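Structural features, examined
One letter stands for each residue in the lines below.
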Amino acid sequence: MSEPLVERMQGFGETIFAEMSALAVRTGAINLGQGFPDEDGPAGVLDAAVEAIRTGANQYPPGPGLPELREAVAAQRLERYGLSFDPATEVFVTVGATEGIAASVLSLAGPGDEVVVFEPYYDSYAAVIALAGAVRRPVTLRPVEGRFTFDPDELRAAVGPRTRAILVNSPHNPAGTVFTRDELEVIADVCRERDLVAITDEVYEYLTFDEAEHVPLATLDGMRERTVSVSSAGKSFSVTGWKTGWVTAPASHIRAVQTVKQFLTYAVSAPYQHAAAYALRNEIPWVEELRKSLQAKRDRLITGLEAAGFTTCRPQGTYFVQADIRPLGFTDGRELARALPEKAGVVAIPSQVFYDHAEAGAHFVRFAFCKKDEVIDEAVSRLARLR
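Remember, predicted model here, so these are calculated numbers, not experimental data. (Residues numbered from 1 in each chain as written. Predicted model: local features only at pLDDT ≥ 70, side-chain atom pairs only at ≥ 80, totals over all residues. Heavy atoms only, no water.)

1. Observations concerning the overall build of the protein chain
Formally: Every helix listed is a DSSP run of H or I at least four residues long, and every strand listed is a run of E at least two residues long, numbered separately from the N terminus. As defined in this context, the radius of gyration uses C-alpha atoms, and a globule is described by 2.2 Å times the residue total to the power 0.38. Any two residues whose heavy atoms approach within 4.5 Å at even a single point are treated as in contact. Using the Shrake-Rupley algorithm and a 1.4 Å probe, accessible areas are obtained, with residue cover drawn only from the displayed protein chains. A residue counts as positive if it is Lys or Arg and as negative if it is Asp or Glu; His and the chain ends are not included. The atoms used to mark charge sites are NZ of Lys, CZ of Arg, CG of Asp and CD of Glu.
Counting its secondary structure elements, the protein chain contains 12 helices and 15 strands. Over its C-alpha trace the protein chain gives a radius of gyration of 20 Å, about what one expects of a compact globule, namely 21 Å for 387 residues. Considering only residue pairs separated by 6 or more positions, the protein chain has 75% of its internal contacts joining residues 24 or more positions apart. For the protein chain, the exposed surface amounts to about 15,800 Å²; the carbon and sulfur share of it is 49%. If the 39 positive side-chain charges of the protein chain are averaged to one point and the 52 negative ones to another, these points end up 2 Å apart.

2. Looking at the sheet that holds strand β14 (residues 349-350)
Just so we agree on the cut-off: Two strands qualify as a pair provided DSSP detects at least 2 bridges between them.
With antiparallel pairing, the 4 strands of this open sheet are ordered in space as β11-β12-β15-β14. Each end of this open sheet is capped by a strand with a single partner; those strands are β11 (311-313) and β14. Sheet topology note: the strand β12 (residues 320-324)/strand β15 (residues 364-368) ladder contains 5 bridges and is antiparallel. The residue of β15 that forms the bridge with glutamine 322 is arginine 366.

3. Topic: helix α12 (residues 373-383)
The α-helix advances 3.6 residues per turn, and as a result positions three or four apart in sequence lie on the same side. Put simply, the rule reads: Per-residue accessibility, obtained with a 1.4 Å probe over protein chains only, is compared with the maximum for each type, and a residue is labelled buried under 20%, exposed over 50%, and partly exposed between these values. It is the directions from the helix axis to the C-beta atoms that the arc portrays.
Burial in α12 covers these residues: Ile376, Ala379, Val380, Arg382 and Leu383. Seen end-on, α12 carries its buried residues on one side only, within an arc spanning 155 degrees. Where the residues of α12 are buried, they touch β1 (30-31), α10 (284-307), α11 (333-343), β13 (346-347) and β15.

4. Let's talk about the packing of aromatic side chains
Our working rule: What counts as a ring pair is set by centres within 6.5 Å for rings of Phe, Tyr and Trp (its six-membered ring), and what kind of pair is set by the plane angle: stacked under 30 degrees, edge-to-face over 60, tilted for all other angles.
By the definition in use, this model includes 14 aromatic pairs. Pairing tryptophan 242 with tyrosine 272 gives two aromatic rings, centres 4.6 Å apart and planes at 10 degrees, and the pair type is stacked. One end of the pair, tryptophan 242, is in the loop between β9 (227-232) and β10 (245-248); the other, tyrosine 272, is in helix α9 (residues 270-282), with 30 residues separating them in the sequence. Overall, tyrosine 272 belongs to the partly exposed group, its relative accessible area being 27%.

Here it is as structure tokens:
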């Protein structure tokens, strides 16, 4: 019997996160690969979900999302960024940001269209562009003075007559870059000049370090009407398993996203929507303490990695550190990541899987620092064996 998987999805297989997490379980290694915290979010948010279950929020909610969550999202965008969205027509709830991005790409790009992405990119981007039958055009982020950035000329060269959208992730996973206003202005200029839509993945919007400022692309001149912004509760409130996200965009783009999303999952867990609305309205001070804690954990991990012989790029946001393996005598991140559980009892993610041009990321592995201090300390103690 021939391969049942459609041709455009052949080559994707099991995600690297599933592969490496399974390897961690099988070997008993410390999992610094997949980006999930090992501590829960604020008690009030957890209690809000339990209360919603106990008081009857257990049937289908409205397909576009509960009004209270859409109103809370609209209030957050207005208060934090000065962006005004109608919660009835310009805010839409999705099963996490991953579905929000998928529905956005599937609704805006079709066979033969092109989508520009910055590599390294979160792996779902490549898969959903393939599902759409579209073509990805990667623009490589390279380390410059300790942070990853792009060449504006390479971005402009990646845009052609079939380009429909630019997919922008900031704060960026896995590079840790928070795009500056100047970098975003370059992206905005390209979108305006070429009449493109920007799809922005902003799930780490609160988790920035060292005074780096997250600037939503939609706040720049002329960009609100051509930007589809995606975020979620998972990273901000340490409830990644809840898979509760949202899209904000002009009403016409929301209608396009809804047309796709309603046939993917129809609705999003009602109790978690209630809890996410509570979180946005009541727990932002908790998120600020989380941000401070993560910055300290980042510094703790970087200190340990550099003592173990890696060199690192200091991330301005997210959960992750990119570590250069070449000072330790290694050149292939995938090979090292698969050997690390036996060599050192630690799991990392090989960064090259997030590139089309794998050679640009072959010498990096990604470590997560959203873990307890004692877990980080034990992991870097084990990694010291590599020297």
